[in-house]
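One letter stands for each residue in the lines below.
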Amino acid sequence: SQHQFNVTSYDAMAMVIITLQALAGMWINVFIVSVLCIAWVKKKRFNSNEKILLSLGCYRFGYLCVIWLHSFLSIIYTACFSVQPIPQLSAALQSFFNNSNLWVSASLCVFYCIKIANFRNAFFNYLKVRIDRIVPWLLMGSVLLSLATCILAYITNEMNWNNYNSTTLGNFWKLSVSLDEHLFATFFITGLGYATAFTAVISSALLLLFSLWRHKRNMQTNSVKNLSTDAHIKAMKSILSFFFLYSINFTCLVLTLIYTSREKNPALFLVLVFQYAFPVVHSIILIFSNPNLEKSLLRTLSCVKCRVCRR
């Protein structure tokens, strides 16, 4: 039992970095949710963009809480993961919040594309008119897909647990092969979700880019051109930033699959650091791409700065 609390310097450094990332991300997403809720109370209405951002902030806060708790327990008290159903619940919760985060982010990109892009297409125009009614269904679909992967993650870890208990030391190699197969199935399902959402992001970026090119070619008056071009460019910046971060996150998923069987591997640690930074960095980008959130953040920082200077 003494080894259960044996924390090396490597573990301590990992815990400090993950804790700082998690706290920063939690604060940022609590800020987003708070500002949106206050605006909701004042205006008595909630537009589609705010609904998506509110859902994203809540899911990311939950995701950061779960991964911090998982990291804390896996470093400080690893024995708890030998108690059923803690490993199954941990894997299921991480899968749910991670997939919710990714699907709602992809929904935000699709929303920007439909709302801003201009095409002479009956189906696209139908979506543009109905987008405010479609957003709740997009959010509900994201939750249902995340629940499906959550259940699959729980079942996979339950199978791992049963194989571990039913396999003797003499069949240890057979156990390792079985665990690798189940682990590969979990990563395959997660990767499929990543790839599908990634396709939605790429499609949104390409459609917006094509719409921007057509708009700049066809517009005649400078005033309309400036307003519409500015809207296109802002949406493109948000989608491209998500595309870039999504690419890093997907690469991290592949690297995690490669290094996951090697305990305390420095490469795996770096991969996890980048992966956990994804919701933090993208939330900051969303704040600065939203005028209301940006003004609220600058106002909050200026108030904090004044109070610190007074002291």
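These numbers were taken from a predicted model, which means no experiment stands behind them.

About the cut-offs
- Residues numbered from 1 in each chain as written.
- Predicted model: local features only at pLDDT ≥ 70, side-chain atom pairs only at ≥ 80, totals over all residues.
- Heavy atoms only, no water.
- pLDDT = per-residue confidence, 0-100.
- Helix = DSSP H or I, 4+ residues; strand = E, 2+ residues; numbered from the N terminus.
- Contact = heavy atoms within 4.5 Å.
- Polar contact = N/O pair within 3.5 Å; in protein donor to acceptor, adjacent residues only side chain to side chain.
- Salt bridge = Lys/Arg side-chain N within 4 Å of Asp/Glu carboxyl O.
- Buried < 20%, exposed > 50% of the residue type's maximum accessible area, 1.4 Å probe, protein only.
- Phe/Tyr/Trp six-rings, centres within 6.5 Å; stacked < 30°, edge-to-face > 60°.

A.B. asks: Let's hear about the confidence of the model for the protein chain: which residues, and what values?
C.D. replies: The predicted model of the protein chain has a mean per-residue pLDDT of 76, with 74% of residues at 70 or higher. Taken element by element, the predicted model of the protein chain shows its lowest mean pLDDT in helix α5 (residues 172-218) (67) and its highest in helix α2 (residues 48-76) (88). This model gives residues 1-5 a pLDDT under 50, and the stretch forms 6 contacts once residues within four places in sequence are excluded.

A.B. asks: Break down the side chain of S48 for me, citing the residues and quoting the values.
C.D. replies: You can see S48 is positioned in helix α2. Within the structure, the side chain of S48 is placed 2.6 Å from the side chain of D132, a separation counted as a polar contact. Excluding residues within four positions of it along the chain, S48 makes contact with F111, D132 and V135.

A.B. asks: Break down the pattern of salt bridges for me, citing the residues and quoting the values.
C.D. replies: In the structure shown here, the tally under the stated rule is 2 salt bridges. Residue E50 pairs with K43 through a salt bridge whose shortest N-O separation is 2.9 Å. Residue class for E50 comes out buried when judged on its relative accessible area of 5%. Accessibility expressed as a relative area gives 34% for K43, which makes it partly exposed. Across the pair K115 and D132 runs a salt bridge whose closest N-O atoms are separated by 3.7 Å. One end of the pair, K115, is in helix α3 (residues 86-116); the other, D132, is in helix α4 (residues 122-166), and 17 residues separate them in sequence. Residue classification places K115 among the partly exposed residues on the basis of a relative accessible area of 40%. Judged by relative accessible area, which is 39%, D132 ranks as partly exposed.

A.B. asks: Outline the packing of aromatic side chains, listing residues and values.
C.D. replies: Applying the stated criterion across every chain yields a total of 6 aromatic pairs. Here W27 and F31 contribute two aromatic rings whose centre-to-centre distance is 5.8 Å and whose plane-to-plane angle is 10°, an arrangement assigned as stacked. Pair noted here: W27 and F31 are both in helix α1 (residues 9-43), with a separation of 4 residues, about one helical turn. On the accessibility criterion, W27 (46% relative accessible area) is partly exposed. In this structure F31 comes out as buried when scored by relative accessible area, which is 9%.

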